[in-house]
Amino acid sequence: MLFRSWLTFTAVIFVVQVILGLLAVLQHDAIYSELLRQRIAVIAQTIVASYKPIADLGLPVSMIRNGDAVVSRAKEMDAEISAAHTLNPSGIIVHSTLDPRPQKVPDEVLTAMQLAETETWGTETESDVISGHNIERADGDTVAAVAVSYPKDRLSQASAAIFRNMAVAGILIWVTVSAIAYLVLRLLLAGPRRAIDRLKPLQDADQRKTGPPAVSYEGDNKDVEEGVFEAEVSRLKHNLSEASRQYQSALRFLTEDAKAEEKDAHDAADQGAAQDRQVHSPKRTGSLAGVLALRIAPAAGIAIVFSAIVLGLLVLRDVNRSIEPELAARANLVGVVVSENVRRAVDAGAPLGNLVGAENYFGDMLTRLPEVAYVAVATGRIVLEAGQRIDPYLAPPRQRKDVRSHPILHQGEEIAYVVIDIDPAFIAKRFRDVFLDMSVVALVTALIAFEIMVLLTSRSLTAPLDRLQRLAAMQAAGDFSRTAKPTASGVIAGLSRQLSERAHTVHASVENVLANAGSVFKGMPAQSVRARFGFDHFPPAPLRISYFNDIRLALFLFATADELPLAFLPLYTRASENLWPWLNQSVLLSLPLAGYLLAIIVASPFARGLGQRFGLRTLFLAAGVPMIGAHLGLYFAQTAQEIIFWRSVTGVGYALITLACQDYVIDTATRETRDRLLGTFTLVLFGGVLAGVSLGGVLADRLGQQNVFLLSAVLIGVSAVLSFWLIAPGAGSNAGSEDRFSLRAIFAPLQNRRFLAVLMGVAVPMGVIMQAFVSYLVALTLDSLGASTADIGRALTLYFIGVIAAGPLGGSLAQTGLPVRYLAVLAALMAGLALALFAFRPDVTVLVIALAVSGLGFGLARGAQVSLVMAEAETGLKDVGIVAVLGSLRTLERVGSVVGLVVMAGIAGAFGYTAAIGAIAAWVLAGTVLAAIVFLREDPEKTRD
């Protein structure tokens, strides 16, 4: 147990360190490359200024006779530049610093120039970083361009150095945190290990054939006070003791010629033991995996966060050191360019203090070089300046730390100097996105780590303990029909083997005495003798128990894979070719999601029947294969119509798998644990959704939107393999009576006014928020406001965090005495007001707040509406039934969501995204009013909450 938990722990930390290190290296390379391009772009722009008069006159740039000398100024400003060219729009080089002059620039350079949307453009080749600036006439037509190349050697060396530093730092952090983790886990798992060690005397007593030691179940109450795990071990000790007594009684019955009164006494003792077992019947131990995982999870979270923070600080330090020479070169370039331009103006007779347009020129340079916070021309006082001073007392001193100056000479004498201040927080600002991405990766990794720890804990400890518990309880009742096949060593495995050997021994003894006695033994028919010990129709068979923990990791990864595209799917559809030009684009962008929801509606009624017929494992595999194909189809899709089709296919698979998993939980849980396990099922499902949404935005921003679908296909394949490996064959099949689909059952509850109020006033409006706002409008709105795909994913993360957090919050509010019907109204009201606020003030911050608040509202309303509908199903809709009422709510809510999605898409196309969000807010608030009116008219004595 300790080793497996520690191995999982260290593996998760290692994965986090690797991912964060790679993100840091990639961001470093991106920043360094961008800084290089920006610097040489300033050089290109300076050279373009010499061509501008010729271009404005309409003359070709080849008319400049000293053109090679003009571009050679690039070498004067930076000696490390490999080449500078002047080229015409077809890519032919007319002037160059190279001798002999090349005929044409590489194709990628020409393509970058032709596709550029601004005057400045850039690209990279295998050996060079290239920046260019177009030469335009006064009418805006491009007549030529200047391209400056810089060797990538410095970038490659800096990248290799950062990679080495990150590798060394990551390994050291990993080893250190792993060593600490071992000690922490040893401490956290000490209690469960001690509890298991208390079973050792039972195993030793059986091996010595001395009989079971006296065990007082009631005397172990002190163990119960120690926790759930210790309580389970106490129950197990009692059952093992009773099982030993039943085993000895069985052997005496089969081997001794007991008198009738002794037989009666044994029967009475057996009956008393069975009754005692019923009084102290063990509960299912499936929750123990979650209990132990919750013990370990805080330590895992702290370790992940701590290692990420340490690595982040080291990243900033090393990146600052790596990029500092480039920042110094850029500052020096600014000083050279500014001092040169000012000198030429003064040489031409312009007074230093009257340089018209100089400050605008400085401001444009600061825009191109964002790390330069402030530039000024001073003579002891400020003459010209642009930007924001980092130090308000910067200007008068000639030189101070982190401030660079360059003299301005006129006729051999210094008449002024240029002061340049670099923003010390520039690198940290540029790494803001990386740190946010690191936070997302750490969050997703922590969620996956928790699920893995629950699985491993269940497989290595709690599941074997539960099997031993069930086996001991059966033998304590005199049933020897089941065995266990432990594959590990230890106390639990040893006890399982002993109980299995007892079952085989009793069976062999029964068959032996019946073979000798014939059809009657001690006055009992042979079949009754077999039935006495549980051998009705078969010899001892392996005990098979199905657990929710067997499917939760596969379910989590499946939900993650399905929701990876949520942050960018409308944007991905918009970028594809449209074969229906007659259809409004906003409506078209909503159709992949609408098709997905309709597919869920159509497939949902068949999920339970298919699961019961084929079993969960078979259904998971059967639905997973087409889903993998659908995500590959989305990867290769070229048109919006292909995206609509393949996304609809994923909806079918999502409905079949998630609902079959839910039915599996319902069928395998006991009545006492069903509500808790259904709540856990929802948390696991939404945890996967949260991980997919947040991670999908980051990956789309880093790897491209198209490549995310490949990862989705891989994750679905992994989840299908896990389901095949972990779920027992046939699990879930024939688990209960098959429910038949009926349209009448869906519409029957609509005659009830309170059900209709919940549906139209709460469920459908909140569904419209989920589908039309969260899954559709948020991505398009944030994109229009300039947000990146990663920003969209992080914003959506807040919504699903609110949904998950609302579960325990709703329970706490209910415990305070707040009626559930009012909780549902308040939840919808807060979500509607949050969206209305954005409609009146369309701002990124307000939209993010609206997402978080509406997530809380959705989570609160989701639980409240189910509670209200179930209460109504037990009273006013008793003749319809709970299953039919809940199915009606779920189906009609999705139908309403689809209608709302398409309607809001039409409003967005006609009036804009803000108007569509305002329309959703109005819909939600109107539904809130409707529900409130119905609830207020109800007699509190007749309304059950």
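Residues numbered from 1 in each chain as written. Predicted model: local features only at pLDDT ≥ 70, side-chain atom pairs only at ≥ 80, totals over all residues. Heavy atoms only, no water.

**A word on the overall build of the chain**
Of regular secondary structure, the chain possesses 30 helices and 13 strands. Every one of the 945 residues in the chain was classed for burial, and the buried ones make up 52%. In the chain, 77% of the contacts between residues at least 6 apart in sequence involve partners at least 24 apart. Only carbon and sulfur atoms are counted for the fraction: they give 59% of the accessible area of the chain, which is about 41,000 Å². (Helix = DSSP H or I, 4+ residues; strand = E, 2+ residues; numbered from the N terminus. Buried < 20%, exposed > 50% of the residue type's maximum accessible area, 1.4 Å probe, protein only. Contact = heavy atoms within 4.5 Å. Areas by Shrake-Rupley, 256 points an atom, 1.4 Å probe, with all protein chains shown as cover.)

**Quick notes on the pairing of strand 7 (residues 382-387)**
Direction of pairing for strand 6 (residues 372-378) relative to strand 7: antiparallel, over a ladder of five bridges. Bridge pairing links Val377 to Leu384 in strand 7. The antiparallel pairing of strand 6 with strand 7 creates a hairpin that spans three residues between the two strands, and Gly380 there sits at a positive phi of about 110°. (Pairing = 2+ DSSP bridges.)

**Digging into the pairing of strand 3 (residues 120-124)**
Where burial is concerned, the two faces of strand 3 differ: the one with Trp121 and Thr123 is buried and the one with Thr120, Gly122 and Glu124 is not. Direction of pairing for strand 3 relative to strand 4 (residues 128-136): antiparallel, over a ladder of five bridges. Pairing of Gly122 across the sheet is with Ser131, part of strand 4. Count of turn residues in the strand 3/strand 4 antiparallel hairpin: three residues.

**Here's the deal with the sheet that holds strand 5 (residues 142-151)**
Overall, antiparallel pairing links the five strands, which are arranged 2-1-5-4-3 in an open sheet. The open sheet has two edge strands, strand 2 (93-96) and strand 3, and neither has a second partner. Strand-to-strand, the axes of this sheet are offset by a mean angle of 25°, without reference to chain direction. Pairing geometry for strand 4 and strand 5, over nine bridges, is antiparallel. Note on strand 5: the bridge partner recorded for His133 is Val146. Helix 4 (residues 107-115) contacts strand 1 (83-87), strand 3, strand 4 and strand 5 of the sheet and is inclined by roughly 150° relative to strand 3. (Axes fitted to C-alpha atoms, helices over the stretch in contact; angles between N-to-C directions.)

**With respect to the packing of aromatic side chains**
Applying the stated rule across the entire model yields 14 aromatic pairs. With 6.4 Å between their ring centres and 80° between their planes, Phe568 and Tyr572 make a pair best called edge-to-face. On the accessibility criterion, Phe568 (0% relative accessible area) is buried. Accessibility expressed as a relative area gives 10% for Tyr572, which makes it buried. Here the aromatic residues Phe558, Tyr596, Phe620 and Tyr654 are joined through ring pairs into a cluster of three or more. The positively charged end of Arg617 is found above the aromatic ring belonging to Phe724, 4.3 Å away from the centroid. The ring of Tyr822 has Arg821 sitting right over it, with the charged end atom 4.7 Å from the ring centre. (Phe/Tyr/Trp six-rings, centres within 6.5 Å; stacked < 30°, edge-to-face > 60°. Lys NZ or Arg CZ within 6 Å of the ring centre and 35° of its normal.)

**A word on the environment of Tyr822**
Relative to the elements of secondary structure, Tyr822 occurs in helix 27 (residues 820-840). Remark: the alpha-carbon pair of Tyr822 and Ala932, spanning 110 residues in sequence, is separated by 7.7 Å.

**Regarding helix 29 (residues 882-911)**
Over its 30 residues, helix 29 extends 42 Å from the first C-alpha to the last, a length consistent with the 44 Å expected when each residue adds 1.5 Å. Gly912 sits one or two residues past helix 29 and shows a positive phi near 105°. (Expected span 1.5 Å × (residues − 1).)

**Structural notes on the environment of Ser178**
As for its position among the elements, Ser178 is in helix 5 (residues 153-188). The class of Ser178 is buried, set by a relative accessible area of 5%. In this structure, the C-alpha to C-alpha distance between Ser178 and Thr10, residues 168 residues apart in sequence, is 5.5 Å.

**Considerations on the pattern of salt bridges**
The full count for this structure, using the stated rule, is 14 salt bridges. A salt bridge links Arg245 to Glu242; the shortest N-O distance between them is 3.3 Å. Here Arg245 pairs with Glu242, and both are found in helix 9 (residues 228-255), just three residues apart, close to one helical turn. Exposure remark for Arg245: the relative accessible area of 37% places this residue in the partly exposed category. Residue Glu242 is classed as buried on the basis of its relative accessible area, which comes to 13%. Each of the salt bridges in this network shares a partner with another, and the network as a whole consists of Arg37, Glu124 and Lys152. (Salt bridge = Lys/Arg side-chain N within 4 Å of Asp/Glu carboxyl O.)

**Some remarks on the nonpolar core**
Within the largest apolar cluster, 141 residues are counted, with the highest numbers of intra-cluster contacts made by Ile769, Phe773, Leu796, Phe800 and Ile920. The greatest single-element share of this core, amounting to 20 residues, is contributed by helix 25 (residues 753-784). Not counting residues within four places of it along the chain, the set of residues in contact with Leu796 comprises Leu566, Ala567, Val693, Val774, Val778 and Leu851. Counting 63 residues, the second largest nonpolar core, distinct from the first, contains Val70, Tyr150, Ala181 and Ile323. (Core = buried A, V, L, I, M, F, W, Y, C linked by side-chain atoms within 4.5 Å.)

**Regarding the packing of helix 28 (residues 844-873) against helix 29**
Across the interface, helix 28 lies against helix 29 with an axial gap of 9 Å and an inter-helix angle of 140°. As the angle between them shows, helix 28 and helix 29 are arranged oblique. Like other packed secondary-structure pairs, helix 28 and helix 29 cross with a definite hand, here right-handed. Taking contact as the criterion, the partners of Gln865, Val866, Val869, Met870 and Ala873 in helix 28 are, on helix 29, Ile882, Val885, Leu886, Leu889 and Glu893. Among the residues making up the contact of helix 28 with helix 29, the classes are represented as eight nonpolar, one polar and one charged. (Parallel < 35°, antiparallel > 145°, perpendicular 65-115°, else oblique. Left-handed = near helix turned anticlockwise from the far one by under 90°. Nonpolar A, V, L, I, M, F, W, Y, C, P; charged D, E, K, R; others polar.)

**Notes on the packing of helix 25 against helix 30 (residues 913-937)**
Helix-helix packing is characterised by the crossing angle of the two axes and by the distance between the axes. Contact geometry of helix 25 with helix 30 gives a least axis separation of 9 Å together with a crossing angle of 165°. Comparing their axes, helix 30 and helix 25 come out roughly antiparallel. Seen along the crossing, helix 25 lies across helix 30 with a hand that is left-handed.

**Quick look at unusual backbone geometry**
Generally, phi is negative for residues other than glycine and the peptide bonds are trans, each holding for most cases. Residue Pro100 is bonded to the preceding Asp99 through a cis peptide linkage, with omega at 5°. The residue Pro100 is located in the loop between strand 2 and helix 4 in this model.

**A few points about the confidence of the model for the chain**
When the pLDDT values of the chain are averaged, the result is 79; 83% of them are 70 or greater. Mean pLDDT per element in the chain: helix 8 (residues 221-226) is the minimum at 40, and helix 18 (residues 569-574) is the maximum at 92. Note that residues 258-266 has pLDDT below 50 and, in this model, six contacts with residues that lie over four places away or in other chains. Here residues 940-945 scores under 50 on pLDDT; set against residues more than four positions off or in separate chains, the count is eleven contacts. (pLDDT = per-residue confidence, 0-100.)

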